[in-house]
Amino acid sequence: MSIYSSKVENAIDYDYSGAKGTAVNIARQKRQGLDLTLSRQISSLWNLNAGYSYVHIKNQADQAADDISDPNNSGPNTDRIGLQYKENKWDAAMNFQAVSGRSLQSYSDTSYLTVDLIANYQASERTKVFAKILNLTNEGYEIRGSGGSSWITPGAYHMPGRAIMIGVEQKI
């Protein structure tokens, strides 16, 4: 478990109100959060892990302004669950990630859930064959906010939909 808090003077933010975005300094930024991860070997072949992360970001535009929550916080609440299998030359994993609490000012939805499936076969010491299905549920989401821009709308930085990858990794 980790708990953190930081205060940054002259933090960098981005202003998208003009024709192009520009980097700007904000007077202060406060970040607070925690990360909790639990892992359990449930048999000689299976491992289970679960985690939760909380991130709270407040910005103060200038010395006289009030603190406001950062609408571009991409993961205020993140839950993770993973199940891993390993036997001889095979290993596989199923991972779930649920994110919630995001601002509709910067994101197309307040929450999303992704599921990834991964399988590997170690054919030799230097050769691995793999198959991956990322974003199995084909969830529409983005991990970068629009920044409250008038010309970049929420959803502009969307992540790829379902992706299937099959390949061979060769170490040389």
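Residues numbered from 1 in each chain as written. Predicted model: local features only at pLDDT ≥ 70, side-chain atom pairs only at ≥ 80, totals over all residues. Heavy atoms only, no water.

## Side note on the environment of R80
At step 1: Positionally, R80 belongs in strand β5 (residues 77-87).
At step 2: Exposure remark for R80: the relative accessible area of 24% places this residue in the partly exposed category.
At step 3: A sequence separation of 30 residues divides R80 from A50, and the C-alpha atoms of the two residues are 5.4 Å apart.
At step 4: In this structure the side chain of R80 is engaged in a polar contact, spanning 3.4 Å, whose partner is the side chain of T37. (Helix = DSSP H or I, 4+ residues; strand = E, 2+ residues; numbered from the N terminus. Buried < 20%, exposed > 50% of the residue type's maximum accessible area, 1.4 Å probe, protein only. Polar contact = N/O pair within 3.5 Å; in protein donor to acceptor, adjacent residues only side chain to side chain.)

## Looking at the pairing of strand β7 (residues 112-122)
At step 1: For strand β6 (residues 90-100) and β7, the ladder comprises ten bridges, and the chain directions are antiparallel. Note on β7: the bridge partner recorded for F96 is V115.
At step 2: Pairing geometry for β7 and strand β8 (residues 127-134), over six bridges, is antiparallel. Along β8, the bridge assignment pairs A119 with A131.
At step 3: The turn joining β7 and β8, which pair antiparallel and follow one another in sequence, is formed by four residues. (Pairing = 2+ DSSP bridges.)

## A short note on the packing of aromatic side chains
At step 1: This structure, assessed with the given rule, holds three aromatic pairs.
At step 2: Both rings, one in W46 and one in Y85, keep their centres 4.9 Å apart while their planes meet at 55 degrees; by these two values the pair is tilted. Of this pair, W46 sits in strand β3 (residues 46-60) while Y85 sits in strand β5, and the two are 39 residues apart along the sequence.
At step 3: Its relative accessible area of 22% is what places Y85 among the partly exposed residues.
At step 4: Between W90 and Y121, the ring centres sit 4.8 Å apart and the planes meet at 50 degrees, which makes this aromatic pair tilted. Remark: Y121 occurs in strand β7 and W90 occurs in strand β6; sequence separation between them is 31 residues. (Phe/Tyr/Trp six-rings, centres within 6.5 Å; stacked < 30°, edge-to-face > 60°.)

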